Amino acid sequence: MNRIDQLFSNKPKEILNIYCTAGFPALNDTLTIMETLQQSGVDMIELGMPFSDPLADGPVIQESSTRAIANGMRVSVLFEQLKGFRDRISLPVILMGYMNPVLQFGVENFCQKCAETGVDGIILPDLPMDEFETEYRPIFEKYDLHLIFLVTPETSEARIRKIDAVSTGFVYAVSSSSTTGKDKDMGDQQAYFARLKEMKLKNPVLIGFGIKDKQTFAAACANSNGAIIGSAFVKAIENSTNLQSSIQSFVQGIKG
Amino acid sequence: MDIAVNTSHSKYHVNDKGYYGRFGGAYIPEMLYPNVEELKEQYLQIISEPAFQAEFDQLLTDYVGRPSPLFFAKRLSEKYKAKIYLKREDLNHTGAHKVNNTIGQILLAQRLGKKKIIAETGAGQHGVATATVCALMGLECVVYMGSIDIERQAPNVARMKMLGATVVPATSGSKTLKDATNEAIRHWINHPVDTHYIIGSVVGPHPYPDMVARFQSVVSEEMRKQLLEKTGNANPDYVIACVGGGSNAAGAFFHYLDEEAVKLVAVEAAGKGVNSGFSAATSQLGKMGIIHASKTLLMQTEDGQIVEPHSISAGLDYPGVGPLHAHLYETGRAQFLNATDDEALAAAYELSLLEGIIPALESAHALAKLKDLPLKPEDVVVVCLSGRGDKDLETYIKHLK
Ligand SMILES: Cc1ncc(COP(=O)(O)O)c(C=O)c1O
């Protein structure tokens, strides 16, 4: 069973998924961060594969991506770092990135490497659902990789149903119409979250974008299976002099 | 005007899936899906409406000053030993071809009920053309421009401001056109309901490349009529145009794409030389990739990071090319040449002295290839003079020795 499915069947509520950009703040911090996240009680890890032109990202993740690329991070380097990580980390791990680096790596090659290293799911925000269905789905299935699609407050009900039908693992509900890291008020979004909940999707739902602290995490969890924190975490570690303690106190602040 | 002409029979125009051969598509994050889908569903229908076309035509005539002249360049013809005509897009209101597209898109935005307009700009010509139509229609306008381009195209920044637009510097990445486009797309993600994004070239997700090409197609539509009148044949032997994203070339090629006897020449910016590491000659340096939500030829590293291009001309300083042009390159329908910064400068000085026309640096790249084509005295050649050189005076003066 895919680790993502296992997680949701064991713990359907208050899933905390933390995003960090691979190869940031320093190239070889990736595994240290993942291990510390696991020790701190996080439920899932989303690793960002840095891209030079991340269209859906705000300044914080853009900056972390620029630094990670300058540090030497790239898809092939990430797979090197991930070799053997399953000896140390049992949490579900998702890779998030943009299509172009994956396309250049080769989609099948990419999926194979994910399976070899122990990655459970992929988020590619600029992969059109149609293209996934016509060209790539059999490859993802072959390697038992979940592909997670996004929905937004502007997504029509019919399209949400379609996205839910095609997604596996969970559906990523973007909290507001925005790039990552925007400070929009969660209060305004409760009706949208409630609407999603009432739709009783086949997949669990995690809410992301703009989740940054205990309150916003709780607000997201009220109508979903949990939430994803990205920019706030990246900001918390970007200038850290002690990664372990920065990470522990950040996660404490959310869950504590 | 024939902007809604049916092109479904053509192997060079976009297909019903939004692709040109293997290029094109809409690689957008879900946040943009409703906007892009709305455009895709409606653009052809809207631009087919007689009322839309009447308003578009009338503005092109009375406001832009179309048709733009097709000028027989006698002294240039003598020098290059062929019959050379210049399609004078430089004489349009605001000084370049860009306004053809912004007029079309602002009328479309109004019909979609949008209240705010955003745009990206490189040389500032598209930014000025967008600010202009926004002033004309009373819509709010925000233009993203790379901070390097803000410096090198200062007069256009001042013009945009005078026209009431807000100019926002793009400070990420290479701080040029690519990054301005990223920022405009991000702005659109953050303002999905009331805002229309007027893309300035035949780039971006489907249906933008086709939509922009159609609004620019007026260029070749006029060329056909004007050539028929002047030479007795609507088809020239050559059409030459510079290619940044490729909108002036798309407009100049549009009605000739299926006329295989007409040789189409696309001129990219070689910068300091194709292999110098400072170039924007995408067809030579790029391979298939995704930029600004379109699958096309792209300058990139082996691991898929987009490379920073270089050109002296801000409007050609782009690491991709519209998917139509990637397809024209791959099929061999158009010949792709490139001109260096120095060749473009020399061509600009030459046109100024021979014909009394100071061209935009972008257009000068097209002129620079007259010397490299195997022209015969009876050949009819049309060069798309996409814009005028006022914005580039500082660069010209700096390099004039
Ligand atoms: C005068 C002129 N020509 C050409 C271009 C390049 O754009 P495109 O390749 O879309 O025609 C620009 C862009 O700014 C321009 O200002």
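Use the structure listed above.
Cut-offs used in this document
- Residues numbered from 1 in each chain as written.
- Chains lettered and ligands numbered in written order.
- Predicted model: local features only at pLDDT ≥ 70, side-chain atom pairs only at ≥ 80, totals over all residues.
- Heavy atoms only, no water.
- Helix = DSSP H or I, 4+ residues; strand = E, 2+ residues; numbered from the N terminus.
- Rg over C-alpha atoms; globule rule 2.2 N^0.38 Å.
- Buried < 20%, exposed > 50% of the residue type's maximum accessible area, 1.4 Å probe, protein only.
- Contact = heavy atoms within 4.5 Å.
- Areas by Shrake-Rupley, 256 points an atom, 1.4 Å probe, with all protein chains shown as cover.
- Lys, Arg positive; Asp, Glu negative; His and termini not counted.
- Charge placed at Lys NZ, Arg CZ, Asp CG, Glu CD.
- Salt bridge = Lys/Arg side-chain N within 4 Å of Asp/Glu carboxyl O.
- Right-handed = clockwise from strand over helix to strand, strands pointing away.
- Pairing = 2+ DSSP bridges.

Undergrad: Break down the overall build of chain B for me, citing the residues and quoting the values.
TA: Counting its regular elements, chain B contains 16 helices and 14 strands. Here chain B has a C-alpha radius of gyration of 19 Å; the compact-globule value for 401 residues is 21 Å, and the two agree. By residue count, 67% of the 401 residues in chain B fall in the buried class. For chain B, the share of sequence-separated contacts (at least 6 apart) that also reach a separation of at least 24 residues comes to 74%. When the accessible area of chain B is evaluated, it comes to approximately 13,500 Å², of which 54% is carbon and sulfur surface. Separation between the mean location of the 39 positive side-chain charges and that of the 46 negative ones in chain B comes to 3 Å.

Undergrad: Can you tell me about the pattern of salt bridges, naming the residues and giving the values?
TA: Tallied over the entire structure, the rule returns 41 salt bridges over all chains. Between Asp120 of chain A and Arg3 of chain A there is a salt bridge; the shortest N-O distance is 2.5 Å. With Asp120 of chain A in the loop between α6 (107–117) and β4 (121–123) and Arg3 of chain A in helix α1 (residues 3–10), this residue pair connects regions lying 117 residues apart in the sequence. The closest approach of N and O atoms between Glu350 of chain B and Lys79 of chain B, which form a salt bridge, is 2.8 Å. Here Glu350 of chain B, found in helix α14 (residues 341–355), pairs with Lys79 of chain B, found in helix α3 (residues 74–80); they are 271 residues apart in sequence, far enough to count as distant.

Undergrad: I'd like a rundown of the pairing of strand β6 (residues 140–146) of chain B, residues and numbers included.
TA: Residue and element names in this part refer to chain B. Taken across its seven residues, β6 has six buried, putting it largely inside the fold. Note that the unit made of strand β5 (residues 116–121), helix α5 (residues 125–137) and β6 has a crossover that is right-handed. With five bridges joining them, β6 and strand β7 (residues 166–170) adopt parallel strand pairing. Paired with Met145 across the two strands is Pro169, which belongs to β7.

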